[in-house]
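Next come the chains, spelled out residue by residue.
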Amino acid sequence: MIINILAGGPEELLPDLIDFTEENAIWVGVDRGVFHLLTRNIIPDIAFGDFDSVSPEELLFIESQVSELKRYNPEKDETDMELALNWALEQKPSIVRLFGATGGRLDHLFANVHLLLNPLKEKHPADVYLIDRHNIVFLKEPGSYFIEKMKSKKYISFVPLTLDVSGITLNGFKFPLKNQHISLGSTLCISNELINDYGTFSFSEGILIVIRSHD
């Protein structure tokens, strides 16, 4: 199962959502993201939000189209995106994609990046990706990983999320590393590239943010 979640970030940063409409994909709308889905003729299976970012007319349209609408008071402990992600993880999907979660307010951006920790903390097996027109972002725990070249996003960056990341090794990259230690704030692993069709990265301690991007 794949679950796609669309929040209300700037529309100009959205990728073409038609590329992510697999037959087994479930769509979830978050706040104004519900309206963005409907205007693209995608009816979400479920929607979450306080809907303070839509007009009364837009809300009426949303209510007429979406059968399962979870409305919340704006004064709550979780963001709308966190409520939607928590629901998605309870469905035990293999993949969750977050769209409309970048751009605009920086506090929302940082919160959404940190939400990628939730499946790791709860030991959910789902791979969770934050995706916009220019970037794909995901987290990895210690281990060894295979990574393929993407022509559309040639740059690969590794950013520590924890104070330290130990033993990072990069094979098949323009700038290889072997058993390197990097600390929070380091830019050593920014803007690397694969030199072949695939490569590997591994590390022994910490949590890495992996960012695939293009200019």
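The structure this text deals with has already been given above.
Residues numbered from 1 in each chain as written. Predicted model: local features only at pLDDT ≥ 70, side-chain atom pairs only at ≥ 80, totals over all residues. Heavy atoms only, no water.

1. Notes on the pattern of salt bridges
The condition is simple: By convention in these notes, a salt bridge is any Lys or Arg side-chain nitrogen within 4 Å of a carboxyl oxygen on Asp or Glu. Strands here mean DSSP runs of E at least two residues long; helices mean DSSP runs of H or I at least four residues long; both are numbered from the N terminus. Relative accessibility decides the category of a residue: with a 1.4 Å probe and only protein chains considered, values under 20% of the type maximum give buried, values over 50% give exposed, and everything between is partly exposed.
In total, this model carries 6 salt bridges according to the counting rule given. Between Glu58 and Arg32 there is a salt bridge, with the nearest N and O atoms lying 2.7 Å from each other. Residue Glu58 is found in helix 2 (residues 56–65), and its partner Arg32 is found in helix 1 (residues 32–39); the two are separated by 26 residues along the sequence. Classification of Arg32 by relative accessible area gives partly exposed; the value is 22%. With a shortest N-O distance of 3.6 Å, Lys70 and Glu68 are connected by a salt bridge.

2. Quick word on the pairing of strand 10 (residues 164–171)
Note the following rule: Only when DSSP finds a minimum of two bridges between them are two strands counted as paired.
Within strand 10, 6 of the 8 residues are buried, which leaves it mostly tucked inside the rest of the structure. As defined by bridge partners, strand 10 adjoins strand 11 (residues 177–183) across 4 bridges and the pair is classed as antiparallel. Directly across from Asp164, in strand 11, lies its bridge partner Ser183. Here strand 10 folds back onto strand 11 in antiparallel fashion, the turn holding 5 residues, of which Gly172 has a positive phi close to 85 degrees.

3. A closer look at the packing of helix 1 against helix 2
Just so we agree on the cut-off: Every axis corresponds to a line fitted to the C-alpha atoms, with the helix fit spanning only the stretch in contact, and the corresponding angles, defined between N-to-C directions, vary from 0 to 180 degrees. Throughout this description, any angle smaller than 35 degrees is read as roughly parallel, any larger than 145 degrees as roughly antiparallel, any in the 65 to 115 degree range as roughly perpendicular, and the remainder as oblique. The crossing is said to be left-handed when, going from far helix to near helix, the turn is anticlockwise and less than a right angle, and right-handed when the turn is clockwise. Residue contacts are counted whenever heavy atoms from the two residues lie within 4.5 Å of one another. Throughout this entry, Asp, Glu, Lys and Arg are counted as charged residues, while Ala, Val, Leu, Ile, Met, Phe, Trp, Tyr, Cys and Pro are counted as nonpolar. The remaining residues, Gly among them, count as polar.
Running from N to C, helix 1 and helix 2 cross one another at 65 degrees; their axes reach a closest spacing of 10 Å. What the angle tells us is that helix 1 and helix 2 run roughly perpendicular. For the element pair helix 1 and helix 2, the recorded crossing hand is left-handed. The residues of helix 2 that touch helix 1, namely those facing Arg32, Val34, Phe35 and Leu38, are Glu58, Phe61, Ile62 and Gln65. Each residue belonging to the contact of helix 1 with helix 2 can be placed in one class, and the counts come to 5 nonpolar, 1 polar and 2 charged.

4. Re the sheet that holds strand 11
The sheet built from 4 strands is open, its strands ordered 8-13-10-11 with antiparallel pairing. Both outer strands of the open sheet, strand 8 (143–148) and strand 11, are each paired with one neighbouring strand and no more. Neighbour to neighbour, the strand axes of the sheet diverge by 25 degrees on average, direction disregarded. Direction of pairing for strand 10 relative to strand 13 (residues 198–203): antiparallel, over a ladder of 3 bridges. Counted as the bridge partner of Thr169 is Ser202 from strand 13.

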